[in-house]
Amino acid sequence: MLLRRRHGTASRDKHKVSPIAPVLLFQTVFFVAPIGILFVYSFWRMQDFRLITEFSFHNYREMANNPLLIKAFFLSLRVALVVTVVCAVLAFPIAYFISKKAGRWKVACLVAVIIPFWTSFVLRAYAWKLLLGERGVINTGLVSTGIIEAPLSYLLYSPFATAIGLIYGFLPFMVMPIYTSLEKVKDSWIDAAADLGASPARATWEVTLPLCIPGLVVGCVFTFIFALGEYVIPAMLGGGKDLLMAQAIVLEFELSQNWPGGAAISVVLLAIVFAVVAAVLRWVKMEEVL
Amino acid sequence: MSEGELRAVTFRNVTHDYDGARALDDVSFEVGDGEFVTLLGPSGCGKTTLLRITSGFLDPTAGDVLLHGKSVVGVPPFRRNTSMVFQDYALFPHRTVAQNVAFGLRMRGMAPDEIRRRVDRMLDMLGLAGLGERRIGHISGGQAQRVALGRSMIVEPAVLLLDEPLGALDLKLRKQMQVELKRIQRQVGMTFLYVTHDQEEALAMSDRIAVMNKGRLMQYGTPHEIYRRPSSRFVADFIGEANLIPCRVAERRSDALVLKGPGASSFTAAPSGADPASGADAILVIRPENLALAEPPVPQANTIGAVVQELTFLGPSVRMTALAEGNIVLAVVIGPGGRLPAIGDRIDLKWKAEDAIVVGPG
Ligand SMILES: Nc1ncnc2c1ncn2[C@@H]1O[C@H](COP(=O)(O)OP(=O)(O)OP(=O)(O)O)[C@@H](O)[C@H]1O
Ligand SMILES: [Mg+2]
């Protein structure tokens, strides 16, 4: 009897470990190893088109002294921040509507939010070009109705266009986790708030919003990180005048063939991402709010 | 004080349809100030619907709801002076016990010092002192029930609405809370509109009971009236145990109603003013405790012959079932000291005319 029970416990423990093993292996091969190589590369340097495999902070010093890179770095942060905030502000009412008001249209609304994922980023970026270009739908419309005299040039090939593309592209990443949080907010809690004298806005502020913080945090982290590292949308809509980090990395790797330089920028970007995640995990105890 | 102000709540011909399905049908009654009124009825009879109409989460399809004489139809919940204790308590999970109780006062813009004072007093009264800083997930079911009660009572509503507040508790705690709830209600003198489908609970706690069925108000009265003078077969059957004997009205005299029962039996009952017409079908209702064994010589009127089927010992009393003429099963409670027949015995059961209630057959 005792033996059998021991056996049972042991096999249960084995089951607990086994599902993690493939994940660990996968992460090691496809994430940790490349990052490790990148990290090592970032301390080497190129000289006369040859790789010098000596440890130095050369690339990081170069970066700090390159005003274009510094500018790209801060522009990226700013764009990512604006995109995250705008996405959060837009996503909350959308998720709220789907979760609490859509009724039998709920599934249809959810699908509508996810549908853009079925087409490629490149295709969607082209669609934005058609809308935002100097002879695009918006400018043509505004000019022909006489609201403006000349087409607005900043609509396309500008950080503005990049931001619009990113907001559009990442909105679902914000809507879905907020929606998931909202689904756990019982209607009777909102009713109770109203019953005790809270106007609809006050009830949202006091009850619904605080209970959505986990979803908001998850959505913000995803959106911020994706927006910070995104390449396709800034490359297609940003116009190339004002570089973002991802573009700078590609330029270093492709155009300058400076792999160690590109690796160093990547490492900095990665460090920011890890710092953001660590800060957030510290700030909200996820297991408590989830 | 005008007449209207004496009534906390007035329901006037309240009707409610959910997408064409009628949930409330022409419900009218009044709840006096400081009264404990219970809505009692089977599942789906419209109790919750009526509470939600009172608190403003629903508007009636037709009819009017008045709080202290003023119509509140169309007034949103957050502007109504009502408060609801939800069946699942609906306590805010991200707030402590004290913060939950303070919520309504905070919404009213009261000063923090005053809020703290009142919350402490409320927690004291409910036996929750010292639990103020607890998280909602870390209290027991009975405590959660009292927190929900305190959170609603602290705003001093014109009427406190309670939707089966004891439904989630186990039997022992439930009985205990019944007593406590009634004590608190009497102590603060607040108007309670209480929902339950437990008739014992309703009889034990209420000043008045509104018995509902299929969206209609069947009877409104004190527990005593409802139990002793049910106005319909449904109420007689739903409240307490009742023996129902189908009859026909033979004669309506000014001093008595004469009925023909199964076989050749004939009964008399006190007239109630709302009796069925002569020749109409009727049901004679007799409570089990009002039936007794008739010793020879058996009187002619108000007796019925039966065969003893079962005897169940209940401690202080014995419950007997007997099969009477016309295949009617009768329940009888025989008090301490009463003679006990044996199973299979032919017996005669008698009752007093004033204990017999005549209702329509519907
Ligand atoms: N939102 C709704 N939509 C459609 N029909 C509803 C809705 N809510 C309730 N009903 C119906 O209205 C009737 C009354 O419901 P209500 O919830 O008021 O009953 P109740 O007396 O509270 O029942 P219970 O004791 O089970 O809580 C029921 O037939 C129910 O199915
Ligand atoms: Mg109900």
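To be clear, the structure that these remarks concern was listed above.
Residues numbered from 1 in each chain as written. Chains lettered and ligands numbered in written order. Predicted model: local features only at pLDDT ≥ 70, side-chain atom pairs only at ≥ 80, totals over all residues. Heavy atoms only, no water.

**Student:** Would you take a moment to explain the pattern of salt bridges for this structure?
**Tutor:** Two side chains carrying opposite charge are able to pair once their charged atoms lie near each other. Applying the stated rule across the entire model yields 27 salt bridges over all chains. One salt bridge in this structure joins Glu180(B) and Arg146(B), with 3.7 Å as the shortest N-O distance. Here Glu180(B) is found in helix α5 (residues 171–188), whereas its partner Arg146(B) is found in helix α4 (residues 141–153), with 34 residues between them in sequence. Residue Arg146(B) is classed as buried on the basis of its relative accessible area of 18%. We note a salt bridge from Glu241(B) to Arg319(B), for which the minimum N-O separation is 2.6 Å. One end of the pair, Glu241(B), is in the loop between α8 (233–238) and β11 (243–252); the other, Arg319(B), is in strand β17 (residues 318–324), with 78 residues separating them in the sequence. Glu241(B) sits in the partly exposed class, given a relative accessible area of 36%. Exposure remark for Arg319(B): the relative accessible area of 25% places this residue in the partly exposed category. Each of the salt bridges in this network shares a partner with another, and the network as a whole consists of Arg202(A), Glu206(A), Arg95(B) and Arg106(B). (Salt bridge = Lys/Arg side-chain N within 4 Å of Asp/Glu carboxyl O. Helix = DSSP H or I, 4+ residues; strand = E, 2+ residues; numbered from the N terminus. Buried < 20%, exposed > 50% of the residue type's maximum accessible area, 1.4 Å probe, protein only.)

**Student:** Sorry if this is basic, but what is going on with the sheet that holds β17(B) here?
**Tutor:** Picture the strands of a sheet paired through backbone hydrogen bonds; they go either parallel or antiparallel. Residues and elements named next belong to chain B. If you walk across this open sheet you meet the 5 strands as β15-β19-β16-β17-β18, and the pairing is antiparallel. The open sheet has two edge strands with one neighbour each: β15 (292–293) and β18 (328–334). Relative to β18, β17 runs antiparallel, the two being bridged by 7 bridges. Its bridge partner being in β18, Leu323 is matched across the sheet by Val329. (Pairing = 2+ DSSP bridges.)

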